[in-house]
Amino acid sequence: MSQSTKTRRRFHLGPLEFLAIGAVVLVVLQPRLVVLFDQPALQTASTVFVAIIVQALPFLVLGVLMSAAIAAFVPRAFWQRALPSNPILAVPVAGAAGIVLPGCECASVPVAGSLMARGVTPAAALAFLLSAPAINPIVLVSTFVAFPGEPEMVVARLIASFGTAVIVGWLWLRFGRPGWLRIPQRMHVEGSTPWHTFRLTASHDFLHAGGFLVIGGLAAAAMNVAMPTEWMEALASNPLLAILAMAVLAVLLSICSEADAFVAASFTSFSLTARLTFLVVGPMIDLKLMSMQAGIFGRAFAVRFAPATFVTAILVSSIVGWWLLS
Amino acid sequence: MTREVQAIVLLLVGIATLRISWGTTYLNYVKESMRPWLLVSGAVLVVLGGLLLVDALRGGREPANNDSDEDEEGHDHGGPRAAWLLLLPVLAIFLIAPPALGAYSAARDSTNSVKSDPSLGPLPPGDPVPVYLSDYVTRAVWDEGRSLVGRNVSLMGFVLSQPDGSWLLARLQLACCAADAFASKVRPVNLTAQALSLPEGTWVTLTGRWIPSPDESTEMSIPLIDVSSTRVIEPPVNPYD
C-alpha cells in the first residue's frame, strides 16, 4: 500500500489532471481537428474505426460480464470436475464446450483468461478460446443464411473450426512452455463480496481488453482504406493463392464472427474452399485478436500462438474444403 | 492508471455509446438491430464506471489490490495502461463525429452484385414503386429484368461521379458494420443537363423504367435506368440500404 502512494507522488502531473487539461485543449482545437479529417480517405478510415469499436462493444461487454461472473460466482472446484483430468481429453471437451456457449471473439479472450486463472489447463482454455467464437449457434445460423443452397458450408465450418481448435490445443500441450504464457491473475481484483469482485473484475477486464480492441480497430481501419481492390481480383484466379489471400484478408479485416459469413459470401470470385479458410481463420486470429491476446496473455505468447493457429487453420480448412466442398 | 481515471474512462465510453445510440448517429456505423445492445452496454458501462467512482471517492476499501495489479502488468506496457486508448473512439465520436460512408467507399468497390437466387417474386404494387437500389441491381442483373419490365420505379441513392463526366446512382449496404460496406450502383440514362451537373455525394430519388443493358451479366455489371425525373432529397436517416 505504501508503495502505491509512493508511485503516485512521483508524478508531478497526475493522470486526472492530464485528463482535465487534455479535454480543455481538445475542445479548443476541435474546429481544426474537424478540418484535418475533412478528407475522404481519413474520413472513411475514422468511420470504419468507430464502426468496428461500436459493433464490437456490446459483445465485449457481454464477454467481460461472463468472464467476471466465472471469476466471482463459479467455485474453483467446478472446472476441475467439469473437465476430464487428463489434459489430452480436456482439450476436445473444452473445444466442444464452445458450441454451447455463444460468444464472439472479443468476448472469448477474457473468458479464456479467467478459465486459466481458475485452474483450467491452458491448452484446454486455448481450445475453448479458438472454438467458442467460431462454432457457436449464432455463427452457424448466420453462415447458413449467408450461403443459401450450400448447407455443406455450415458443416465444413463446424468441422474445420473444431478441428483447428483441438489441434492447436494439443500442439500447445506438446510444445508449449509455461514461461511463454502469462496466466492472468484474478486474485488482485478480489472484492469484499462476490458481487464486488464481479464488478471490479468486469471494469478491469473491459478497460484492459477494450484498449487492445482499439489498437486492432485502428489497424483494420487503415487496411480498409489502404488496400487496392484490384489486388484481390488478381489473387482470386489462382486456387492456392486464393486460399492464402483469403486467410490473410481474414486477419487484416478483423470482422466479428457473427458477421463474417456475409462478408465471405460476397467474395464470389473466390472458391468455396478459399472462403471456408476465411471463415475458419477470421474468428481465431486477426489484428484485433492478436492485439487483445498479447495484452492479456503476454507478447511472448502471442508471437507463437498466432502463427501456429494461422498455419493450422489454413491446413485444416484446405483439407476439409477439398473433402466436403469440391 | 488510478481508480478515479479508470472510472472516468468507463463513464466516458458508456456516455459516448449512449449518446450515439440514443439518437440516430449509430446508423452511420452499424445496423439498426444493434441499438438495444448498444443502449444496454452503454448503461452497463456507466453503472460500472459510476460505482467505481464511488469506490474511489470513498477512498477505496482495498486500494492495495488494484495497485499491485498495476505494478504486475505495468512493466509490460500492457495492463490497464492500454485503457487510455479507449479515449480515442470517445474523442472520435465527440470531436470528429465521423460521417456515414459515401462516394469514396462506393468508388472503391468494383463488385456490384452477388449472384443470387433467381426466384425473386414480383415487385409490390405502386406507381412508381420504391425499390431498394440493391434489389433493383439484383433483379436487373440476375433476373434479366423480368420483374421490372413495364414498371415505373423510384430509386434512392447518392451521386457517384465518373471520370467521363457522367454519374452513377450508388448506395452502400452493410453486411455487419461500416467496416464491411459494399456498394450497389445503377447507371442513369437520359438525365437532364441540370441533373447531370449535380455534385458528387448529393442524395437523389430517380424515377424511371428499367431498360436492358447490352452487356452480359456479371458481378460487375451496372444495370441501366431510363430516367423520367430526378429529385434532390435530404440524406436519409439510415444512409445504408
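Residues numbered from 1 in each chain as written. Chains lettered and ligands numbered in written order. Predicted model: local features only at pLDDT ≥ 70, side-chain atom pairs only at ≥ 80, totals over all residues. Heavy atoms only, no water.

**Points about a nonpolar patch on the surface**
Step number 1: Taken together, the side chains of Ile21(A), Val24(A), Val25(A), Val28(A) and Leu29(A) make up a nonpolar region of the molecular surface, amounting to roughly 440 Å² of accessible area.
Step number 2: Turning to its location among the elements, Leu29(A) is positioned in helix 2 (residues 15–36). (Patch = residues over 30% accessible without salt bridge, like charges linked within 9 Å, V, L, I, M, F, W, Y side chains within 5 Å. Areas by Shrake-Rupley, 256 points an atom, 1.4 Å probe, with all protein chains shown as cover. Salt bridge = Lys/Arg side-chain N within 4 Å of Asp/Glu carboxyl O. Helix = DSSP H or I, 4+ residues; strand = E, 2+ residues; numbered from the N terminus.)

**Describing the pairing of strand 2 (residues 152–161) of chain B**
Residues and elements named next belong to chain B.
Step number 1: With 8 of its 10 residues buried, strand 2 lies for the most part within the structure.
Step number 2: Once you follow strand 1 (residues 129–131) into helix 6 (residues 133–142) and on to strand 2, the crossover reads as right-handed.
Step number 3: Judged from the 4 bridges that link them, strand 2 and strand 3 (residues 167–173) form a sheet pairing that is antiparallel. Considered in strand 3, the bridge of Ser161 is made with Trp167.
Step number 4: Between the end of strand 2 and the start of strand 3, which pair antiparallel, lie 5 residues, with Gly165 showing a positive phi angle near 95 degrees. (Buried < 20%, exposed > 50% of the residue type's maximum accessible area, 1.4 Å probe, protein only. Right-handed = clockwise from strand over helix to strand, strands pointing away. Pairing = 2+ DSSP bridges.)

**Some words on the packing of helix 1 (residues 3–22) of chain B against helix 4 (residues 87–96) of chain B**
Residue and element names in this part refer to chain B.
Step number 1: Close contact between helix 1 and helix 4 brings their axes to 9 Å; oriented N to C, the two are set at 40 degrees. Here helix 1 is positioned oblique relative to helix 4, judged by the angle of their axes. Where helix 1 crosses over helix 4, the two elements pack in a sense that is left-handed. Between helix 1, through Val9, Leu12, Val13, Ile15, Ala16, Arg19 and Ile20, and helix 4, the contact on the second element is made entirely by Leu87, Val90, Ile93 and Phe94.
Step number 2: Here the residues of the contact of helix 1 with helix 4 sort into 10 nonpolar, no polar and 1 charged. (Axes fitted to C-alpha atoms, helices over the stretch in contact; angles between N-to-C directions. Parallel < 35°, antiparallel > 145°, perpendicular 65-115°, else oblique. Left-handed = near helix turned anticlockwise from the far one by under 90°. Contact = heavy atoms within 4.5 Å. Nonpolar A, V, L, I, M, F, W, Y, C, P; charged D, E, K, R; others polar.)

**Topic: empty space enclosed by the protein**
Step number 1: A full pass over the atoms with the stated rule returns 5 cavities of 30 Å³ or more.
Step number 2: When its volume is computed, the second largest cavity comes out at roughly 90 Å³.
Step number 3: What lines the second largest cavity is simply Ile53(A), Val54(A), Leu57(A), Val13(B), Ala16(B), Thr17(B), Ile20(B), Leu86(B), Pro89(B), Val90(B) and Ile93(B).
Step number 4: Those elements that provide at least two residues to the lining of the second largest cavity are helix 3 (40–73) of chain A together with helix 1 and helix 4 of chain B.
Step number 5: It is helix 1 of chain B that contributes the most residues to the lining of the second largest cavity, 4 residues altogether.
Step number 6: Of the residues in the lining of the second largest cavity, the class split is 10 nonpolar, 1 polar and no charged. (1 Å grid on protein atoms, 1.4 Å probe; cavity = no way out; pocket = protein on both sides within 12 Å on 5 of 7 lines; lining within 4 Å. Points joined across faces, edges and corners; volume = space filled by probe spheres on them.)

**Regarding the environment of Leu249(A)**
Step number 1: Along the chain, the position of Leu249(A) falls in helix 12 (residues 239–253).
Step number 2: Separated by 177 residues in the primary sequence, Leu249(A) and Ala72(A) have C-alpha atoms spaced 38 Å apart.

**A word on helix 10 (residues 194–226) of chain A**
Step number 1: With 33 residues, helix 10 of chain A extends 47 Å from end C-alpha to end C-alpha; this agrees with the ideal 48 Å at 1.5 Å per step.
Step number 2: Summarising burial for helix 10 of chain A: 24 of the 33 residues are buried, a large majority. (Expected span 1.5 Å × (residues − 1).)

**Comments concerning the domain arrangement of chain B**
All names here are of chain B.
Step number 1: Looking at the assigned domains, one finds that chain B contains domain 1 (3–98) and domain 2 (104–232).
Step number 2: Every contact between the two is made by 4 residues of domain 1 and, on the other side, 5 residues of domain 2.
Step number 3: Taking both partners together, domain 1 and domain 2 bury about 300 Å²; carbon and sulfur atoms supply 56% of that area.
Step number 4: Here domain 1 and domain 2 share 0 salt bridges between them. (Domains from an automatic or database assignment. Buried area = accessible area lost by both parts, 1.4 Å probe.)

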